Amino acid sequence: MADQDSENYDYDLFTIGAGSGGVRASRVAAAHGAKVAVAEEHRVGGTCVIRGCVPKKMLVYGAHFAEDLKDARNFGWSTDDIEFDWITLRDNVLNDVDRLNGLYEETLENHNVEIFHERAELVGPHEIRLASGKTVTARYILIATGARPHVPEFEGSEHAITSNEAFHLDEIPKKIIIAGGGYIANEFAGIFNEFGSKVCLVNRGDQLLRSYDEALRDRLLQISIIKGIEFKFNTVFKYIKPCDDGGFHVKLSDNDEEIVDLVMFATGRVPNVEGLGLGNAGVELGEKGEIKVDEFSKTNVDHIYAVGDVTDRVQLTPVAIREGQAFADSVFGDVEPYAVDHSCIPSAVFSHPPIAAVGLTEGQARNSLGNIKVYQSDFRPMKNVLAGRNERSLFKMVCDAANDRIVGIHMIAPEAAEMMQAAAVAVKAGLTKADFDATTAIHPTMAEELVLLR
Ligand code: NDP
């Protein structure tokens, strides 16, 4: 097959997986004139749209009303007799997911991308067999199958849910244990806590959100404890046993035993590579089971590429989208092949309050640059003051002392992610502290702290 002419293939591109990366790559390749098909065994849209970022953010909004309604009292609003109905929120969120799923399918169809709603596996270097038994050929193949939650194995671990199931619950648990200390654990701890659950977060190590700046992590921990979230560090699970009258009996390594309504695991995500027939095409995997790719997202097989979480480079939707775009432009477009720049990627944790960051943490900058300057603003947002909410925000700017260049910005504050997107442009562009100082503040805002740091 390898030396077959392009005209002899059924498709120029066959994409396996219609998530963020796969959809972007497929539609851009088609816009460049390629004949494209995509196979998706679940729903078009992938983790981000169907069971990740998008419905999660809607739950974060929904949850935050709990605080807003409390805070509203000091602004003169009477908020007595207000009730929260989980089923209303759940169903509205799921309906919106359906709407987005439809839009993603429409985008593909409008670009004449053929969609196979079934599983696909490689049976040769250019051959793909669909679950229906149909076999097709493609000149290029893109693997964009994403990742799935990883749950460590121990007695009763099958009773735990993951973020996949969290969007479909019939009721909000009165008591929940969440395992993990990363993005998903902290985001869902916040969500369930705002909805009134008693939340205990159990982490195997002694640090939350390891990749973020220490001062912000500490601030989130303090605020979360004040909000009522319990934390157990250096703790793992011994077992989970279902109780006769519902709920679960959980035993932890500190010998604590709890009866809870729900256990949720948020302990990282592993690449979806099983059953794809990658061996049949000779595609190499890395140590963690990820598909190994070069800077152009090409695997060790010349015509097979992979983008997004399945490559375990940076597990973020906008990164997968960029990788898909770069692949499609480079292979099918009229441009010089180009690689995605994986440096200086801004990110956010949608905790309560959220954290957002770009660039190096103070610790990373000290280790890599030596001589640095750190500017900090630790303040109580105006809205929190009037609301009587004793919750302080923290902004940090880390600069290279040699040239004043900003190498990192870190924030924990209401709307931190919204502010960070603009600040990240400046950091990516290599601006200096003096450039920020030269910019007039917008008063009164939280964001003005960025140009007033001393
Ligand atoms: P994270 O990598 O953020 O965190 C995983 C957590 O689980 C860490 O605390 C880790 O501990 C712990 N852990 C890992 N393995 C085990 C184990 N075997 N037993 C016990 N604990 C374990 O993963 P998440 O699942 O929270 O999220 C997956 C990815 O999805 C994120 O890395 C992120 O890229 C993406 N995501 C992004 C979001 C956003 O942009 N806002 C939101 C949600 C997800 P330790 O620190 O010791 O390794």
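Details of the structure are given in the entry above.
Note that the structure is a prediction, hence the values are computed from the model and not measured.

Caption draft 1: Geometry of the nonpolar core. Membership of the largest hydrophobic core comes to 38 residues, with the highest contact counts inside it found for Leu59, Ile178, Phe188, Phe192, Met264 and Ile355. Elements supplying a minimum of two residues to this core: helix H3 (53–72), helix H4 (86–110), strand E8 (175–179), helix H6 (183–194), strand E9 (198–202), helix H7 (214–227), strand E14 (262–265) and strand E18 (355–359). Counting residues per element, this core draws most heavily on H6, at five residues. Among the nonpolar cores identified, the runner-up in size contains 24 residues, and Ile16, Ala37, Ala39 and Ala306 belong to it.

Caption draft 2: Region of interest: the packing of aromatic side chains. All told, the structure shown has 17 aromatic pairs when counted by the stated rule. Plain terms: the ring middles of phenylalanine 231 and phenylalanine 233 are 6.0 Å apart, the flat faces sit at 10° to each other, and that makes the pair stacked. Phenylalanine 231 gets classed as buried once you look at its relative accessible area, which sits at 15%. Three or more aromatic residues joined by ring pairs make a cluster, and in this case those are Tyr140, Tyr305, Phe327 and Phe332. Lying over the aromatic face of tyrosine 11, lysine 35 brings its terminal NZ or CZ to 5.1 Å of the ring centre.

Caption draft 3: Representation of the pairing of strand E1 (residues 11–16). When you tally the buried positions in E1, you get six out of six residues, the bulk of the element. Bridge count between E1 and strand E6 (residues 135–143): five bridges; the pairing is parallel. Directly across from leucine 13, in E6, lies its bridge partner tyrosine 140. Pairing analysis gives four bridges linking E1 to strand E2 (residues 36–39), with the strands arranged parallel. Bridge pairing links isoleucine 16 to alanine 39 in E2. In terms of handedness, the path from E1 via helix H1 (residues 20–31) over to E2 forms a crossover that is right-handed.

Caption draft 4: Seen up close, the pattern of salt bridges. A full pass over the atoms with the stated rule returns 29 salt bridges. Residue glutamate 274 pairs with arginine 148 through a salt bridge whose shortest N-O separation is 3.1 Å. Taken together, the residues glutamate 274 in the loop between strand E15 (269–271) and helix H8 (278–281) and arginine 148 in strand E7 (residues 147–149) connect sequence positions 126 residues apart. The exposure class assigned to glutamate 274 is partly exposed, which follows from its relative accessible area of 46%. Judged by relative accessible area, which is 32%, arginine 148 ranks as partly exposed. Counted as one network, the salt bridges with shared partners bring together Glu67, Asp71, Lys227, Arg389 and Glu391.

Caption draft 5: Focus on the sheet that holds E18. Taken in spatial order, the five strands line up as E17-E18-E21-E20-E19 in an open sheet, and their pairing is antiparallel. Two strands close off the open sheet at either side, each with one partner strand: strand E17 (347–349) and strand E19 (372–379). Across the sheet, the mean angle separating the axes of adjacent strands is 10° when strand polarity is ignored. One ladder, built from three bridges, connects E17 with E18; its direction is antiparallel. Note that in E18 the partner of serine 347 across the bridge is alanine 357. Strand contacts of helix H10 (residues 362–369): E18, E19, strand E20 (393–400) and strand E21 (406–412), with the helix running at about 170° to E19, the strand carrying the most contacts.

Caption draft 6: Region of the structure containing the pairing of E20. Counting buried residues in E20 gives eight out of eight residues, a clear majority hidden from the surface. On E20, burial covers both faces: Ser393, Phe395, Met397 and Cys399 on one face and Leu394, Lys396, Val398 and Asp400 on the other are all buried. Sheet topology note: the E19/E20 ladder contains eight bridges and is antiparallel. Directly across from tyrosine 375, in E20, lies its bridge partner methionine 397. Inspection of the sheet shows E20 paired to E21 by six bridges, in the antiparallel sense. Along E21, the bridge assignment pairs leucine 394 with isoleucine 412.

Caption draft 7: Geometry of the site of the ligand. Gly181, Ile184, Arg210, Gln315 and Ala348 are the nearest of the 20 residues found near the ligand. Between glutamate 187 and the ligand, the recorded distance is 3.0 Å, taken from a side-chain N or O atom to a nitrogen atom. For the ligand, whose unbound accessible area comes to 900 Å², protein coverage reaches 77%. Take the shell around the ligand: its biggest share by element is three residues, from H6.

What counts, and at which threshold
Residues numbered from 1 in each chain as written. Predicted model: local features only at pLDDT ≥ 70, side-chain atom pairs only at ≥ 80, totals over all residues. Heavy atoms only, no water. Core = buried A, V, L, I, M, F, W, Y, C linked by side-chain atoms within 4.5 Å. Buried < 20%, exposed > 50% of the residue type's maximum accessible area, 1.4 Å probe, protein only. Helix = DSSP H or I, 4+ residues; strand = E, 2+ residues; numbered from the N terminus. Phe/Tyr/Trp six-rings, centres within 6.5 Å; stacked < 30°, edge-to-face > 60°. Lys NZ or Arg CZ within 6 Å of the ring centre and 35° of its normal. Pairing = 2+ DSSP bridges. Right-handed = clockwise from strand over helix to strand, strands pointing away. Salt bridge = Lys/Arg side-chain N within 4 Å of Asp/Glu carboxyl O. Axes fitted to C-alpha atoms, helices over the stretch in contact; angles between N-to-C directions. Contact = heavy atoms within 4.5 Å. Near = heavy atom within 4 Å. Polar contact = N/O pair within 3.5 Å; in protein donor to acceptor, adjacent residues only side chain to side chain. Areas by Shrake-Rupley, 256 points an atom, 1.4 Å probe, with all protein chains shown as cover.

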